[in-house]
Amino acid sequence: MSNLLISGFRGAATSVAAHLLPNNVAADTHNVRSEDGTLRVRNGIRSVAASFSGTPKGIHHARGYDNSYNFREEYVGFRSSGGSVKPFSINVDTGVGTEITDGGTPLALANTEWIGENFNGEALYLTPGGDVYRHAVGTNTSWSLLDPGQPNQFTTGNYPRLTFEKTESGNTSTTGTAFSWAGFVGAGFADNGGSGVCPTAFGSVSGSSVVVDANNGGINLYAWYDFDLDMNAATAGIQDWSNATGIQFTLARTDGNQWVGTSGQDWPWAIGSGNARIWLTDNTANTVELTGAVQTIVDEMGDYSYRFLLDIPVASRGTQWSDSRYLQIRLPSNNTGVTPATRDYDFSISQITVQAAGSTIATPDLVGIRFGAVAYNEEYDAEAVNPTFSDEVDISIEDASRYFANTATATFLGNVCTLTIPAAQVTTLQAAAGVTHIRYYVAFMDEGTATSYTMRLMGVQEVDAVDAGTYEVPYTYEELRALPLREEKIGEYIEVGNPVCMAAYRQWMVWGYAGGIANIKHSRVGKPYALASTSDDAGGGDLPEDQNRAATFTLADDFADQPVSMVGTDSSLYILGTEGVYVQSGPKPYQLTPPRRVPGALGTLGLRSACTWRSDNGIEGVAYISKDAESVWFLVASADFGTAEPSFSLIELTAGIRGKLKTFLFQSSAPTVDKVYIFHDQRDDALWVTFQNRAMVLRRKNTFQDFRTWEFYTYNITSGTLTDWVARQEHGLRCLKSDGSLYEAERRKSTNFTEITGTGRDDGGNVPAGRYWRSKVFIGPRRRSFRARVERITMTEPTDVTLFCGRIPAGQTITVAATDKYKRFGQLAHGHKHEYQIVVTEGQAGLQVLEVTYTALGPALNQ
């Protein structure tokens, strides 16, 4: 008698004849795990929670950091219901799903499969040939288009309105007659103050202005300044204003500060009762109150002044004003913001300019000007193509620090003009996707052409700012002329569009597109939405010195291939097309090698048919399912940046089980390719290929054999099918069932990743069906299998062993009972070929050795 010893059990190898296999390698196996050489029932699968109701359309582990650098993670699951798809945030621990919205608005996405990629703290999602969306991980209202496109401009007819601060119509600059306060003395100043009126006194003459000393210490805030000025006290003396229609002068605090109302507000300057009041008196005590307006002027240094534009009433004009002598001025109180005892300051009254009947308006050197506003997206550095401009306004320089518009309806003195966008337009822009700011431009009509303005950027304002839509121009005329020109690339924003696949590679995103030309687009470093502006040009429209610029490539030299899936590793980008597999490498987009086709590599099956994988010596590459759905391959490319002809290592991982992908996983039918998954389980260092309720698992090497072998699993699910898988070392294997429930496989995270074992390990109570391990075919001289001995971790567990041989090809099963070590086969257990199958019982601790005792027999005529 001889003994046949089988131990150190391994997974299946089916590509060669069963008699050529090593003794410990299975000719067939099902629902059995043998990674450590011991036969056990494979680990189970159990429900975590009902994440949502509907048909799953993909799952992705989203991870990233928020603006405060706090780590965030979740599963994002997609479900179809009512003809559209909605995304759900699934808690990584509880499995509970919460619908993701766009700022609270429910979504209705394309009813097809969705894939995801993590990049720079966000998660990006697409369905092949559709729009790309972005999602801030952990924020359930953050769903938005990655690519909002060129910002929308203002609605036609709602132009920015050019206004001037404190401007009154009908007042113009004139040649006029000048009256100077030169020679004025204190005797010409009279304080008309009485009870409750702020005291004032003559201060000095400064240039052509008279200075008034105001001291309202101890006076309540509502007191007025009331004083008379005798023009006869100046060198110019009594004036002949018989032909005058009006006078103008400027009043300003000598410290340049603003005149402030009693409650701290900007004083609403006006002429008339309750505001500033001015009277003119002749030498015989005839008095008339002047009418008009006051302009507030703020110069480039921020100093305030107030220009009085006063009209002599028509009915009062006449020869009596040939001896105009006195001006009585009453001014509103001024809250300086300090205590009454220290409320001291001076203010000046400038030289008086007289508007005489028949005098003409001065003719300045006019320049046409327009102000414009443009909707702008700061993140994308993109703005609307054509600014919306105001009507043309003629401006001229009055002096080096200010300009004014010389029109009857827009008289401006000073250098603060205001651009106002209608409130309705601001509201529209605030709600619009992709508009973060408003850019303000100035265009001079003597630059460019009438249809193509030369635009100069004045400023940028956040569209959500409190004062959005109102912009004060803080520049002098000379400064406006020196502002930077509008960038020539404005309007060249390139949309990401509708890619079919994507991958994060190094510090940027790669987008794959349908069609044979310019179908691989690498984004700008750090900006997934910034693409090159020209195709097949690594430089695109960017400056050559910009080392972060985007780049665009064509996948195949003959334009006869397009990408299906992409995988980025530390050293290389793998692009899997419909016809072949291609590799790119490089430290920056502009330094990438062109896509190099891997010799002999077929295209891939579908968008989920490739994943990162590493060789047993730690070299990272890509594992993928071939286009013909018959094999799984592992590809590693050389990592030398800039290598014109990289070297490749292409290995078939299914060489030992060739044909099983179709016969076992797909059950000899055409699979739904979008539901075929391949992924790396980092926790167990295993490669998984799944479809519906079946899985093929390439386990790690063990100490008994220097190669990996495959195991075949079928999950016993009470109803429905397993549709979508995702693996993370921190959370184990998770998948969605067809009803939207989240399941975990292999290990329980909630119990520190203990294996899902024991009776009824599938679906919370079902026994994995068909648990067996079948040996190789042993060939030898005619012999008889005499008895079987089974070594078990727990010897009290019964074990069934089936023999297949010449006399009993259908098999004979014996049971090694709980109290036995051996069990005899029947008398017909003989022939030239013997094959043994061990049935692994649910709940069994594990089998370690099968020993068969056999004996040689003499020749038999009937064999």
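Preceding this paragraph is the structure being described.
Residues numbered from 1 in each chain as written. Predicted model: local features only at pLDDT ≥ 70, side-chain atom pairs only at ≥ 80, totals over all residues. Heavy atoms only, no water.

**Re helix H1 (residues 423–431)**
Of all the residues in H1, the buried ones are Gln 425, Val 426 and Leu 429. Taken end-on, H1 shows its buried residues confined to a sector of 100°, consistent with a single buried face. In H1, the exposed positions that point more than 90 degrees away from the buried face belong to Ala 423, Ala 424, Thr 427 and Ala 431. (Buried < 20%, exposed > 50% of the residue type's maximum accessible area, 1.4 Å probe, protein only. Helix = DSSP H or I, 4+ residues; strand = E, 2+ residues; numbered from the N terminus. Arc of directions from axis to C-beta.)

**Observations concerning the sheet that holds strand E41 (residues 563–568)**
The strand order E41-E42-E43-E44 describes an open sheet built from 4 strands, whose pairing is antiparallel. Every other strand in the sheet has two partners, leaving E41 and strand E44 (596–602) as the edge strands with one partner each. Strand-to-strand, the axes of this sheet are offset by a mean angle of 25°, without reference to chain direction. (Pairing = 2+ DSSP bridges. Axes fitted to C-alpha atoms, helices over the stretch in contact; angles between N-to-C directions.)

**Here we look at the environment of Arg 10**
On the secondary structure map, Arg 10 appears in the loop between strand E1 (2–7) and strand E2 (28–30). For Arg 10, a relative accessible area of 2% corresponds to the buried category. Sequence separation between Arg 10 and Phe 707 is 697 residues; the distance between their C-alpha atoms is 9.8 Å. Looking at Arg 10, its side chain comes within polar contact range of the main-chain oxygen of Phe 707, at 2.7 Å. Within polar-contact distance, the side chain of Arg 10 engages the side chain of Thr 709 at 3.2 Å. (Polar contact = N/O pair within 3.5 Å; in protein donor to acceptor, adjacent residues only side chain to side chain.)

**Describing the side chain of Thr 101**
Here Thr 101 lies in the loop between strand E9 (97–99) and strand E10 (115–119). Of note is the side chain of Thr 101, whose polar atom sits 2.9 Å from the backbone nitrogen of Gly 104. Excluding residues that lie within four positions of it along the chain, Thr 101 makes contacts with Pro 106, Leu 107, Asn 140, Thr 141, Ser 142 and Trp 143. (Contact = heavy atoms within 4.5 Å.)

**A closer look at the pattern of salt bridges**
The full count for this structure, using the stated rule, is 44 salt bridges. Here Arg 134 ties to Glu 122 by a salt bridge, and the two come within 2.8 Å at their closest N and O atoms. Remark: Glu 122 occurs in strand E11 (residues 122–126) and Arg 134 occurs in strand E12 (residues 132–136); sequence separation between them is 12 residues. Judged by relative accessible area, which is 22%, Glu 122 ranks as partly exposed. The residue Arg 728 makes a salt bridge to Glu 730 at a minimum N-O spacing of 3.3 Å. By relative accessible area, Glu 730 is classed as partly exposed at 32%. Here the salt bridges do not stand alone but share partners, grouping Arg 33, Glu 35, Asp 684, Arg 699, Arg 700, Glu 711, Glu 746, Arg 747 and Glu 755 into one network. (Salt bridge = Lys/Arg side-chain N within 4 Å of Asp/Glu carboxyl O.)

**Observations regarding the packing of aromatic side chains**
Applying the stated criterion across every chain yields a total of 30 aromatic pairs. Measuring from centroid to centroid gives 6.4 Å for Tyr 713 and Tyr 715, while their planes differ by 75°, and the two rings are edge-to-face. As far as the burial class goes, Tyr 713 and Tyr 715 line up, both buried. Aromatic rings pair up to connect Phe 78, Trp 114, Tyr 125, Tyr 133 and Trp 143 into one cluster. Taking the ring centre of Tyr 713 as reference, the NZ or CZ of Arg 42 above it sits at 5.9 Å. Here the guanidinium or amino end of Arg 787 rests over the ring plane of Tyr 822, the centre of that ring lying 4.3 Å away. (Phe/Tyr/Trp six-rings, centres within 6.5 Å; stacked < 30°, edge-to-face > 60°. Lys NZ or Arg CZ within 6 Å of the ring centre and 35° of its normal.)

**Examining the pairing of strand E37 (residues 501–505)**
Most of E37 sits inside the fold, with 4 of its 5 residues counted as buried. For E37 and strand E38 (residues 508–512), the ladder comprises 5 bridges, and the chain directions are antiparallel. By the bridge assignment for E38, Cys 501 is matched with Gly 512. What sits between E37 and E38 in their antiparallel hairpin is a turn of 2 residues, with Arg 506 showing a positive phi close to 55°.

**Considering the environment of Asn 67**
Note that Asn 67 resides in the loop between strand E6 (55–65) and strand E7 (71–81). Since its relative accessible area comes to 79%, Asn 67 is described here as exposed. Along the backbone, Asn 67 and Gly 121 are 54 residues apart, and their C-alpha atoms lie at a distance of 8.7 Å.

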